[in-house]
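Chain residues, written in single-letter form:
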Amino acid sequence: MSVQVWTYILVIISFLLYIGIAIWSRASSTKDFYVAGGGVSPLANGMATAADWMSAASFISMAGIIAFAGYDGSVYLMGWTGGYVLLALLLAPYLRKFGKFTVPDFIGERYYSSTARIVAVLCALLVSFTYVAGQMRGVGVVFSRFLEVDVNTGVVIGMVIVLFYAVLGGMKGITYTQVAQYCVLIFAFMVPAIFISIQMTGNPVPQLGMGDTLADGSGTYLLDKLDGLSEELGFTAYTDGSKSMADVFAITLALMVGTAGLPHVIVRFFTVKRVRDARKSAGLALLFIAILYTTAPAVAVFAKTNLIETVNGRPYAEMPAWFTKWEATGLLTFTDRNADGMVQYVKDPARNELVVDNDIMVLANPEIANLPAWVIALVAAGGLAAALSTAAGLLLVISSSISHDLIKNVFKPDLPERQELWYARGAATLAVVVAGYFGINPPGFVAAVVALAFGLAAASFFPAILLGIFYKKMNSKGAVAGMITGISLMLFYMLKFKFGLFDGGKEAVAGLTSQWWFGISPEGFGSVAMVVNFAVALLVNRFTAPPPEHIQDLVEDIRIPGGAPPPSSH
Amino acid sequence: MKNPQPHLQAEARAYWRANLRLVGILLLVWFLVSYGAGILLRQWLDQWSVGGFKLGFWFAQQGAIYVFVVLIFIYVAGMNHLDRKYGYNDPES
């Protein structure tokens, strides 16, 4: 059977599975809709969190980014896993004990202020919308490349599927489809990785194969060979980066803290029964994530070595079929600058003839390694699972921010539950349509903003939640001032150094790198903005009235796990 | 919400202190393996190798992640122990 037929079969089976689960797990109350009834097992929540967290970017792009960045790619590996340690140790158990539906719920009540709640809602919407548009785009791209439908048709198909189970099942439907999606995506990621690891090093465990000797009997270590190849072509050694240490430090910190502050991840911990379940499911979530995250750097090394060996210095006429296939998508371009009919891949831009998009490394990897058709098809189903699961989790945050945090808690406090449920479904529908619109008409800045969503989350939520739990005397004015300063500073830095808004547009951005504050890139600036948030919050807190007694009692109460109340809206 | 019995309040404070101690130690390890071994000391550690991995590079792309997972499970076990010791464990239901 051809790759195309296999892809159709696997994608259709996986979609039927998601729809079946959605019908089985319909939501009948707001508690079902927002927190899946509050009785999800730690194991299911761990898998759902892992699928929620690992987006199209983790599945499709990350290994490719690492393949081209080498050691510098470590910022993503450590940043996107280390955040779970912060989440598990500092936030998740206490937020579960607090026992409400959303992150703005916590901010609004802990800081006894609707201003704080509204600021939190705006931050949540800003973070989630930018992130979700990227996911819908990812769905469209996978469809177009593997099923050869138009990208826009792909986005629409994705929208219908997400709409179906997010609107019908709310968090309950999303949770159980995410469990299935985790299984699909991890299987799809591991199978090609194991195949290639055996092919290149004879070691079936990719994490070990990466540090093993080559299977050709030469006794050379794979990483040494790749270091050598990279240096030969004028790049820095693979295991040695080119970013400054300060920037690597700042980006890692921003990604870690941002991960811990992302509302769609935090809200997953509201769905388990007890505080101890929240702790355990954070551990399981990271374990499930780590399986992919320790394999991705191995895939990066295999793919990069394979790519250089297959194409560099070889005649263009002898390129394998995948080369021309991906050339047609524009993700791989070859310009024969010196007209010798050979492919030269080197660092020097004046002589380099090959430009390879990051995304190809995972998508084309099975083809480069000549794996069977069903393995190639599996990657498409896995990419779709990763994109759809994250999109659904984000859409739920958007819908609950609107129906619960704004309509129910700010504008219409006496809204009956049945009606709130309808508002929630309406808001989810609206959010899917808006996300789909941005998926079809992507504003040029989506990709850039997705990376910066972490900076925004780090600069806004993390300090407010952390201080709310660990500093009893933290007051409302301090927290609000901190959040507003943090997120504004981050936005300013992003607009100035990522979009060149104040210096004449995107073209000017490259010339501004020497002006970066402390040599820190916009991606890493979230950590600076976070520190500023903390400083402003504590300073303002020092000169304003302490929080009322009942709030201080609330803080004492959330520090103790005993008898976590079921999540409730009151 | 406030607990009226003073000895229970003292218990709660002791529980919280023990919690902070555990979290503090674990976060120190968290910092050392990632920012320490994976970033600040990376180049120095790279003079040694484990198999084909330079040590600092291994911490940054593999080791730190393994340690993160272990840290959370130590935290889970440690907190379950504290919950039992101070009588805060939820009924099994």
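Everything below is about the structure shown above.
Presented here is a report on the structure given in the accompanying data block. (Residues numbered from 1 in each chain as written. Chains lettered and ligands numbered in written order. Predicted model: local features only at pLDDT ≥ 70, side-chain atom pairs only at ≥ 80, totals over all residues. Heavy atoms only, no water.)

## Digging into helix α16 (residues 373–411) of chain A
All names here are of chain A. Operational definition: Helix and strand definitions here come from DSSP, where helices need a minimum of 4 consecutive H or I residues and strands a minimum of 2 consecutive E residues; each element is numbered from the N-terminal end. To estimate how far a helix should extend, the number of its residues minus one is multiplied by 1.5 Å. Bend, at a single residue, is the angle you get between axes fitted to the 7 residues ending at that residue and the 7 residues starting at it. Accessibility here uses a 1.4 Å probe with only protein chains present; expressed as a share of the type maximum, an area under 20% marks a residue as buried, one over 50% as exposed, and anything in between as partly exposed.
Under the 1.5 Å per step criterion, the end-to-end length of α16 is 55 Å for 39 residues, consistent within 8% with the ideal 57 Å. Roughly 30° is the biggest bend found in α16, and it falls at S401. Of all 39 residues in α16, 33 are buried; the element is thus mostly enclosed.

## Concerning the environment of A:V434
Residue and element names in this part refer to chain A. Relative to the assigned elements, V434 resides in helix α17 (residues 417–440). The partly exposed category is assigned to V434, whose relative accessible area is 28%. Along the sequence, V434 and T295 sit 139 residues apart, while their C-alpha atoms lie 34 Å from each other.

## Some details on the interface of chain B and chain A
What counts here: In this description, contact between two residues means that some pair of their heavy atoms is separated by no more than 4.5 Å. The term buried area means the drop in 1.4 Å probe accessible area that two parts suffer when joined, counted for both and summed. Whenever a carboxyl oxygen of Asp or Glu lies within 4 Å of a side-chain nitrogen of Lys or Arg, that contact is scored as a salt bridge. Pairs of N or O atoms are called polar contacts if they sit within 3.5 Å, as long as, within protein, a hydrogen donor faces a hydrogen acceptor (for residues adjacent in sequence, only side-chain-to-side-chain pairs). Under the convention adopted here, Pro, Cys and the residues Ala, Val, Leu, Ile, Met, Phe, Trp and Tyr are nonpolar, Asp, Glu, Lys and Arg are charged, and Gly plus all remaining residues are polar.
Between chain B and chain A, the contact holds 46 residues from the first and 60 residues from the second. Summed over both partners, the interface of chain B with chain A comes to about 4,700 Å²; 68% of that surface belongs to carbon and sulfur atoms. For the pair chain B and chain A, the interface holds three salt bridges. B:D83 is paired through a salt bridge with A:R279; the nearest N and O atoms lie 2.9 Å apart. Between chain B and chain A we count twelve residue pairs in polar contact (both at pLDDT 80 or more) in total. Elements with a contribution of two residues or more to the side of chain B that touches chain A: α1 (6–40), α2 (42–45), β2 (53–54) and α3 (55–85) of chain B. Per-element tally for the side of chain B that touches chain A: the top contributor is α3(B), with 17 residues. For the side of chain B that touches chain A, the per-class residue count stands at 29 nonpolar, ten polar and seven charged.

## Looking at a nonpolar patch on the surface
Just so we agree on the cut-off: Exposure above 30% relative accessible area and the lack of any salt bridge qualify a residue for a patch; like charges then connect within 9 Å, and the nonpolar side chains Val, Leu, Ile, Met, Phe, Trp and Tyr within 5 Å. Residue burial considers only the protein chains on display, and all accessible areas are found by Shrake-Rupley using a 1.4 Å probe.
Together, A:M245, B:L28, B:F31, B:L32, B:L40, B:L41, B:W44 and B:W48 make up an exposed nonpolar region whose accessible area comes to about 790 Å². Here the nonpolar patch gets four residues from one element, more than from any other, and that element is α1(B). Along the chain, A:M245 falls in helix α11 (residues 245–260).

## Here's the deal with the packing of helix α8 (residues 151–201) of chain A against helix α13 (residues 275–311) of chain A
Residues and elements named next belong to chain A. Formally: Here the axes come from fitting lines to C-alpha atoms, over the contacting stretch only for helices, and the angles between their N-to-C directions go from 0 to 180 degrees. Note on angle classes: values under 35 degrees are labelled roughly parallel, values over 145 roughly antiparallel, values of 65 to 115 roughly perpendicular, and the remainder oblique. Note: crossing handedness is left-handed where the near helix turns anticlockwise from the far helix by less than a right angle, and right-handed where it turns clockwise.
Where α8 contacts α13, the axes come no closer than 9 Å and their chain directions differ by 40°. As far as their axial angle goes, α13 and α8 are oblique. Crossing of α8 against α13: the hand is left-handed. Contacts between α8 and α13 involve Y182, L185, I186, F189, M190, A193, I196, S197, M200 and T201 from the former and F288, I291, L292, T295, A296, V299, F302, T305 and N306 from the latter.

## What about the packing of α11(A) against helix α20 (residues 525–542) of chain A?
Residue and element names in this part refer to chain A. Two elements in contact, α11 and α20, have axes whose closest approach is 6 Å; the angle formed by their N-to-C orientations is 65°. Put simply, α11 runs roughly perpendicular to α20. Residues A250, L253, A254 and V257 of α11 touch α20, and the partners they reach there are G526, S527 and M530.

## A look at the pattern of salt bridges
Residues and elements named next belong to chain A. Using the criterion set out here, one finds twelve salt bridges over all chains in the structure. For D557, the salt bridge identified is with K97, shortest N-O distance 3.7 Å. In this pair, D557 sits in helix α21 (residues 549–558) while K97 sits in helix α5 (residues 74–98), placing the two residues 460 residues apart along the sequence. For E309, the salt bridge identified is with K225, shortest N-O distance 3.0 Å. One end of the pair, E309, is in helix α13; the other, K225, is in helix α10 (residues 222–232), with 84 residues separating them in the sequence.

## Thoughts on the nonpolar core
Rules: Note on terminology: a nonpolar core comprises buried Ala, Val, Leu, Ile, Met, Phe, Trp, Tyr and Cys residues joined through side-chain atoms within 4.5 Å.
In terms of nonpolar packing, the biggest core is built from 239 residues, with A:W53, A:L91, A:I107, A:Y293, A:F462 and A:I465 touching the most fellow members. Element by element, the count of residues in this core is highest for α8(A), at 21 residues. Residues in contact with A:Y293, not counting those within four places in the same chain, are A:W53, A:M54, A:S58, A:M62, A:Y76, A:L77, A:W80, A:T81 and B:I65.

## Quick look at empty space enclosed by the protein
Residue and element names in this part refer to chain A. Filter applied, for reference: Throughout, the protein atoms alone are placed on a 1 Å grid, and a set of points is a cavity if a 1.4 Å probe fits but cannot get out or a pocket if it is open with protein on both sides within 12 Å along at least five of seven lines; lining residues have an atom within 4 Å of a point. Grid points are joined across faces, edges and corners, and a volume is the space filled by probe spheres set on the points.
Within this structure, the stated rule accounts for four cavities of 30 Å³ or more. Its boundaries defined by the atoms lining it, the largest cavity holds a volume of some 70 Å³. Residue assignment for the lining of the largest cavity shows that the elements contributing at least two residues are α8 and α15 (360–368). It is α8 that contributes the most residues to the lining of the largest cavity, four residues altogether. Size it by volume and the second largest cavity reaches roughly 60 Å³.

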